[in-house]
Amino acid sequence: MNHFKNSPSFSVKELLSSSSSLPQVTVRGWIRTKRDSRDFSFLELNDGSCLANLQVVVQSTAKGYDLIKDITTGSAVAVEGDLVESQGRGQAWDLKAKNLVLTGPAGADYPLQKKRQTDEYLREMAHVRARTNKYGAMFRIRSECAWAVHRFFREKGFFYVHTPIITGSDAEGAGEMFRVTTLKEGGGTSFKDDFFGQYAALTVSGQLEAELLAHALGRVYTFGPAFRAENSNTARHAAEFWMIEPEAAFFDLSDDMSLAQNLIQSVVRFALNECAEDLALFDRFIEQGLLDRLNGLLYSDYPRIPYAEAIRILTDSGRKFEFSPFWGADLATEHERFLCEEHFKSPVIVFDYPKTIKPFYMRLNDDGQTVAAMDLLVPKVGELVGGSQREERTEVLLSRMAELGLKTEPYWWYLDSRRWGSTPHAGFGLGFERFLMMLTGVSNIRDVIPFPRTPKNLAF
Ligand code: 4AD
Ligand code: MG
């Protein structure tokens, strides 16, 4: 919509990057601050298109000047005027207002008055926090990175596939699923009476379906929400998170590791180029040296070490861990962070984990004890990627399922793929929120997704 008939509207980002002054333009946005002088006022206007504000100068001769008294922090306005060289320092352009419309005032209780608020407070105010510099920057970066993920896979010949959110099977076998039901309390009690006539839940992963599609399209990926009812109230777990899951036929574990490393480097590079202004904010206020750390991710191959060697490094480190590392135990976050933050000082890929701590679908190695799994660990976060080469041999897959006490019946369609043109294939899952934590230095997963879902937290 346009409030003023004869002037084209621009975003703040477009105006601030203009190479010349522009007469008669419209811009719309929200007021960050107002400074009044005797016969004019300065408005700092932000429209979300970029971090920077546009300074609007409203002289008493401008139409709508009488509204200035009602324009407070948080108000929405539309302004028509001329983009002129700024008299002030720190910005190239000002908008000299000719015509001002207040589309929505903000009451004195508007929570984002000038002083800085804590992350904890802003979590409780998630309905407005995207209007702060930090969260505006975060969600712009999030959008740009999502786009860069699609671009990366498209260039590598991967097709974007949509796998179901509602599912009857547990891909990870960890039993952390949210039930989906239409049964009323006190209504039917058996699955027969329920909507799907069987057990139904929100998916923890699109992998099993992605594997089927990889057997048709060759290379595919999903990028969608996943749900886990892990009752672990940590800074790195959300009940609802977004996962990127590529799956490629004729890939082995080494191809899989390279794909994960290339994806990360490609998206980080894209963010450094396209989100420079927003990332600089995180470098300045969240993690000093962030940009150097990110540049360091770009140009090297990440070390790849077998799980057994990781355990050796940990036990030889002389470090006192809360959980003592030993062969057969899963790596805890403290172990993962030690490996990449202190020992290698780089992301690191750990592979060939004991089969006892990994899901049924991972390919059994010739030693009979380990599987062709790989986790990519990064500083600040720990596990960013979990993946594997998949078990393509029917007999081995069946015996693994039996070992784990999994019923084969719910997986009949998955097992068919092993009977009809089975082939080596591999894939991984990359947690998008964890990627954003690594990228911005933000240490809590609740602060990289607009409306986080965590235990006992379902507001907004
Ligand atoms: O290691 P995970 O559980 O692997 C899978 O789900 C496989 N099906 C992936 C595949 O091979 N296609 O999860 C993959 C990644 C983790 O490394 C982590 O980054 C992220 O998903 N993740 C979570 N992120 C936020 N909150 C949670 N509760 C997460 N659980 C996993
Ligand atoms: Mg994992």
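Residues numbered from 1 in each chain as written. Chains lettered and ligands numbered in written order. Predicted model: local features only at pLDDT ≥ 70, side-chain atom pairs only at ≥ 80, totals over all residues. Heavy atoms only, no water.

Right, let's get into the overall build of the protein chain. For the protein chain, the count of helices and strands is 12 helices and 15 strands. C-alpha extents for the protein chain along the principal axes are approximately 85 × 60 × 40 Å. Looking at the protein chain as a whole, 51% of its 460 residues qualify as buried. Partitioning the intrachain contacts of the protein chain with sequence separation of at least 6 by distance along the chain shows that 67% fall at a separation of at least 24. (Helix = DSSP H or I, 4+ residues; strand = E, 2+ residues; numbered from the N terminus. Buried < 20%, exposed > 50% of the residue type's maximum accessible area, 1.4 Å probe, protein only. Contact = heavy atoms within 4.5 Å.)

Looking now at the packing of helix α3 (residues 133-155) against helix α5 (residues 253-274). Put simply, α3 and α5 touch, their axes get as near as 9 Å, and they point 135° apart. Comparing their axes, α5 and α3 come out oblique. In this structure, α3 crosses over α5, and the sense of that crossing is right-handed. Across from Glu144, Cys145, Trp147, Ala148, Val149, Arg151, Phe152 and Phe153 in α3, the residues of α5 making contact are Leu259, Asn262, Leu263, Ser266, Val267, Phe270, Ala271 and Glu274. (Axes fitted to C-alpha atoms, helices over the stretch in contact; angles between N-to-C directions. Parallel < 35°, antiparallel > 145°, perpendicular 65-115°, else oblique. Left-handed = near helix turned anticlockwise from the far one by under 90°.)

Another point: the pattern of salt bridges. Overall, the coordinates contain 21 salt bridges when judged by the stated rule. In this structure, the salt-bridge partner of Glu392 is Arg363, at a minimum N-O distance of 2.8 Å. Of this pair, Glu392 sits in the loop between β14 (382-389) and α10 (394-403) while Arg363 sits in the loop between β12 (348-354) and β13 (370-378), and the two are 29 residues apart along the sequence. Taken individually, Glu392 and Arg363 each receive the classification buried, so the pair is uniform in this respect. Note that Asp416 and Arg419 form a salt bridge whose closest N and O atoms lie 2.8 Å from each other. Of this pair, Asp416 and Arg419 are both found in helix α11 (residues 412-419), three residues apart, which corresponds to roughly one turn of the helix. (Salt bridge = Lys/Arg side-chain N within 4 Å of Asp/Glu carboxyl O.)

Take helix α4 (residues 207-217) next. Because each turn of an α-helix spans 3.6 residues, side chains separated by three or four positions in sequence point in the same direction. Taken together, the buried positions of α4 are Gln207, Leu208, Glu209, Ala210, Glu211 and Ala214. At its buried positions, α4 is contacted by β7 (166-167), β9 (219-227), β10 (240-249), α11 and β15 (425-431). At the C-terminal side of α4, Gly218 shows a positive phi close to 85°.

Once that is clear, we can look at the pairing of β13. Most of β13 sits inside the fold, with nine of its nine residues counted as buried. Summarising the sheet, β12 and β13 pair through six bridges and their orientation is antiparallel. Among the inter-strand pairings, Ile349 is bridged to a residue of β13, identified as Leu376. Of the strand pairs in this sheet, β13 and β14 are connected by six bridges, and their pairing is antiparallel. Bridge pairing links Ala373 to Ser388 in β14. Taking the residues between adjacent antiparallel strands as the criterion, β13 and β14 are bridged by three residues, where Lys380 takes a positive phi near 85°. (Pairing = 2+ DSSP bridges.)

A separate point is helix α12 (residues 432-440). Across the nine residues of α12, nine count as buried, placing the element largely inside the fold. Within the span of α12, buried status applies to Phe432, Glu433, Arg434, Phe435, Leu436, Met437, Met438, Leu439 and Thr440. Looking one or two residues past α12, Gly441 carries a phi angle of roughly 80°, positive in sign.

A few words now on the environment of Asp366. Summarising the element assignment, Asp366 is placed in the loop between β12 and β13. Here the alpha-carbon distance between Asp366 and Arg419, two residues 53 residues apart in the chain, equals 21 Å.

Below, the discussion takes up the packing of helix α8 (residues 307-316) against helix α9 (residues 333-343). Packing of α8 against α9 leaves a shortest axis separation of 11 Å and a crossing angle of 80°. Judged by the angle between their axes, α8 and α9 are roughly perpendicular. Packed against α8, whose contacting residues are Ala310, Ile313 and Leu314, the element α9 presents His335, Phe338, Leu339 and His343 at the interface. Grouping the amino acids of the contact of α8 with α9 by side-chain chemistry returns five nonpolar, two polar and no charged. (Nonpolar A, V, L, I, M, F, W, Y, C, P; charged D, E, K, R; others polar.)

Okay, the pairing of β15 next. Across the seven residues of β15, seven count as buried, placing the element largely inside the fold. Neither face of β15 is left uncovered, since the one carrying His425, Gly427, Gly429 and Gly431 and the one carrying Ala426, Phe428 and Leu430 both have all their residues buried. As defined by bridge partners, β10 adjoins β15 across five bridges and the pair is classed as antiparallel. By the bridge assignment for β15, Ala249 is matched with His425. Direction of pairing for β14 relative to β15: antiparallel, over a ladder of five bridges. Residue Gly387 lies in a different strand from β15, and its bridge partner there is Phe428.

Purely spatial values, then, with no claim about function.
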